[in-house]
Amino acid sequence: MGRLETTSLERQLQPISVTMPIYVSGLARSGSTLLHEVIASHPSVATHRVKDYPFVFTPFWWRRATAKTPPGPPRERAHQDGVMVTSQTPDALEEMLWMAFFPRCHDPSASSVLGRGEHHPAFETFHEAHLRKLLLAEGRTRYAAKANYHVARLAYLVRMYPDARFVVPVRAPEAHVASLKRQQEWFSWGQRSRPPSLAFMRRSGHFEFGLDRRAMQLDDETQTRRIGEAWAAGDDARGLAIAWNAVYGYLARLLEADEAVRAATLIVRFESMCDSPEETFRSVFDHCRLPNADEICRQRAAGVRAPKSASNLSVEELTAIRQETADVARHWGY
C-alpha cells in the first residue's frame, strides 16, 4: 500500500526533496520526547503523529482521510509522567518502517549497528519516498523524528542524508536508570493487566520497557549478554546501567571516529535542558538550521519542569550503577 501510494502521488512528489532531516536519538527517558515536540512545533517541520498508527505506511492518504477528525481532549500518555497527548501529538513511529526491512533489528543476538558502508537500496528508496509524502501531507519543508534506536544507525543515516541533523540527549546515569526502572515496573504491570498493550508496543517498535524489553547490541555481544543476564536475575538496575554504558559508550566512540557524524550531532544534557530550557532550545534550533524560533523557545521553556528527585534505588543499586558507568559517565561530564 505504501508503494502504491507513492506511485499515485508521483507528479505531486516531484518538486519535494528531503533536506536536512532531523533525528532525536539516544536512550529512552533522556528528554527525547520533549526535544521532539519542541522541534516539531516549528512551522517548517513535519513529523509522525499519534493518529498515524497503524497507517504509518500511507501517510498522505491517512492524513486526507482524517483531516476533519478533531484531535480530542488531551490525556496523559501511558507513561503516567504528566505528559499530555492528543491524536495530533508528535509520536515516535518511524521505527515501523525499519522493522519492515530489517526484521532482526530488535534481535539482541544480532548487531543493531548500521554503518556508513551499508547499502540497502530498496529500503532507502522507500524511506525517502515516505519522508517526501509526509512533507507533502503536512505542507512542510523539513522532517523530524524521535527515533531512539537510530543511535546505532547514525553513520548509515549520514550516508543516506549527508545534511542530516542529529540531536542526542544524555542524562546522568543514576537518575536515568531510576527513571527507566520506574517505567519498566509500570509498563510490565500494565501489560500484564492489559495484554493488547504489549502487542501495540511490539508493532510500533517500542522495546524499551515492559514484558518484551530488549537490549540493543552495539557490536559487543558480551555486553548485551550481561544486560540480559542481569535482567533475568532480577538485577534490573545493574542491567539498565550496563545498557546506559553500552549506548553512550558506543556514541562516544562513534563521535570520536566519524567526523561527519560528529559535525551532524548536537549533544543535549538533560540537566541543562531542565535548568536552562530556553537557552537549550535555542541551541537545538540553531543546530537544526531552523530559523525564527525565538517565540517557540520562550513558550516551550515556560512549561519545562525538572522531574521529582525521589529515587527508587537502593544503596546497592546505586553502587552497581556507579561501577558499571564510571568511565563513560566521566566522558560525558558526570
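Details of the structure are given in the entry above.
Residues numbered from 1 in each chain as written. Predicted model: local features only at pLDDT ≥ 70, side-chain atom pairs only at ≥ 80, totals over all residues. Heavy atoms only, no water.

Undergrad: An account of the nonpolar core is needed here, citing residue identities and associated values.
TA: Core analysis: the biggest nonpolar cluster contains 75 residues, and Tyr248 and Trp332 have the highest contact counts within it. Ranked by residue count, the leading element in this core is helix 11 (residues 236–257), at 14 residues. Other than its neighbours up to four places away in sequence, tryptophan 332 contacts Val170, Trp244, Tyr248, Leu251, Ala252, Leu255, Ile267 and Arg269. One finds Leu35, Val38, Ala40 and Phe281 within the second-largest nonpolar core, a separate group that totals 24 residues. (Core = buried A, V, L, I, M, F, W, Y, C linked by side-chain atoms within 4.5 Å. Buried < 20%, exposed > 50% of the residue type's maximum accessible area, 1.4 Å probe, protein only. Helix = DSSP H or I, 4+ residues; strand = E, 2+ residues; numbered from the N terminus. Contact = heavy atoms within 4.5 Å.)

Undergrad: So what about empty space enclosed by the protein? Which residues, and what values?
TA: All told, the structure shown has three cavities of 30 Å³ or more when counted by the stated rule. Considering the residues around the largest cavity, the lining is formed by 19 residues, among which Leu27, Glu208, Arg214, Met216 and Ala243 are closest to the centre. Top contributing element to the lining of the largest cavity by residue count: helix 11, with four residues. Its residues assigned to classes, the lining of the largest cavity comprises 14 nonpolar, two polar and three charged. The calculated volume of the second largest cavity comes to roughly 70 Å³. Lining of the second largest cavity is provided by Ala92, Glu95, Lys146, Ala147, Asn148, Tyr149, Gly205, His206 and Glu208. Residues of the lining of the second largest cavity, tallied by class, amount to three nonpolar, three polar and three charged. (1 Å grid on protein atoms, 1.4 Å probe; cavity = no way out; pocket = protein on both sides within 12 Å on 5 of 7 lines; lining within 4 Å. Points joined across faces, edges and corners; volume = space filled by probe spheres on them. Nonpolar A, V, L, I, M, F, W, Y, C, P; charged D, E, K, R; others polar.)

Undergrad: Please set out the packing of aromatic side chains residue by residue, giving values where relevant.
TA: Taken as a whole and judged by the stated rule, the model has 14 aromatic pairs. Aromatic pair phenylalanine 102 and phenylalanine 123: ring centres 5.1 Å apart, planes at 70 degrees, arrangement edge-to-face. Within this pair, whereas phenylalanine 102 is found in the loop between helix 5 (95–101) and helix 6 (121–138), its partner phenylalanine 123 is found in helix 6, the two being separated by 21 residues in sequence. Like phenylalanine 102, the residue phenylalanine 123 is buried in the burial classification. Ring geometry for tryptophan 244 versus tyrosine 248: centroids 5.1 Å apart, planes at 45 degrees, classification tilted. Here the residue tryptophan 244 and the residue tyrosine 248 both occupy positions in helix 11, the gap between them amounting to four residues, near one helical turn. (Phe/Tyr/Trp six-rings, centres within 6.5 Å; stacked < 30°, edge-to-face > 60°.)

Undergrad: Give me a nonpolar patch on the surface: which residues, what numbers.
TA: Together, Met1, Leu4 and Trp61 give the surface a local cluster of nonpolar side chains, amounting to about 340 Å² of exposed area. The residue methionine 1 is located in the segment before helix 1 (2–8) in this model. Given a relative accessible area of 67%, methionine 1 falls into the exposed group. (Patch = residues over 30% accessible without salt bridge, like charges linked within 9 Å, V, L, I, M, F, W, Y side chains within 5 Å. Areas by Shrake-Rupley, 256 points an atom, 1.4 Å probe, with all protein chains shown as cover. Salt bridge = Lys/Arg side-chain N within 4 Å of Asp/Glu carboxyl O.)

Undergrad: Quick one: what's the story with the pattern of salt bridges, residue by residue and with numbers?
TA: Under the counting rule described, the total for this entry stands at 23 salt bridges. Arginine 300 serves as the salt-bridge partner of glutamate 37, at 3.4 Å between the closest nitrogen and oxygen. With glutamate 37 in helix 3 (residues 32–40) and arginine 300 in helix 15 (residues 294–302), the pair connects residues that are 263 residues apart, well separated along the chain. A relative accessible area of 14% places glutamate 37 in the buried class. Of the charged contacts, one joins arginine 213 and aspartate 236 as a salt bridge, the two residues approaching to 2.6 Å between their closest N and O atoms. Taken together, the residues arginine 213 in the loop between helix 9 (196–204) and helix 10 (221–232) and aspartate 236 in helix 11 connect sequence positions 23 residues apart. The class for aspartate 236 is buried, based on a relative accessible area of 13%.

Undergrad: For helix 14 (residues 277–287), give the residues involved together with the corresponding values.
TA: Taken residue by residue, helix 14 has Pro277, Thr280, Phe281, Val284, Phe285 and His287 as its buried positions. For helix 14, the angular spread of the buried residues around the axis is 160 degrees, confining them to a single face. Relative to its buried face, helix 14 has exposed residues pointing more than 90 degrees away, namely Glu279 and Asp286. Residues of helix 14 that are buried sit in contact with helix 3, strand 6 (165–170), helix 12 (259–264), strand 7 (265–269), helix 13 (270–275) and helix 15. Where helix 14 ends, the next residue or the one after it, arginine 289, has phi of about 60 degrees, a positive value. (Arc of directions from axis to C-beta.)

Undergrad: Would you mind going over the sheet that holds strand 1 (residues 22–24) in detail, with residue names and values included?
TA: Within the open sheet, the five strands sit side by side as 2-5-1-6-7. Their pairing is parallel. Both edges of this open sheet fall to strand 2 (45–46) and strand 7, since each of them pairs with a single strand only. Where strand 2 lies against strand 5 (residues 142–146), two bridges are found, and the strand directions are parallel. Within strand 5, the residue paired with valine 45 across the bridge is arginine 142. Sheet contacts for helix 3: strand 1, strand 2, strand 5, strand 6 and strand 7; angle to strand 5, the most-contacted strand, approximately 165 degrees. (Pairing = 2+ DSSP bridges. Axes fitted to C-alpha atoms, helices over the stretch in contact; angles between N-to-C directions.)

Undergrad: Go over the environment of valine 167, please, and point to the residues and values.
TA: Counting through the fold element by element, valine 167 comes out in strand 6. Taking relative accessible area as the criterion, valine 167 reaches 0% and is therefore assigned buried. Each C-alpha atom of the pair valine 167 and serine 41 lies 15 Å from the other, and the pair is 126 residues apart in sequence. Every residue in contact with valine 167, bar those within four places of it in the chain, is listed here: Tyr23, Val24, Ser25, Leu35, Ile39, Leu266, Val268, Val284, His287 and Cys288.

Spatial relationships are all this shows, so hold off on functional conclusions.
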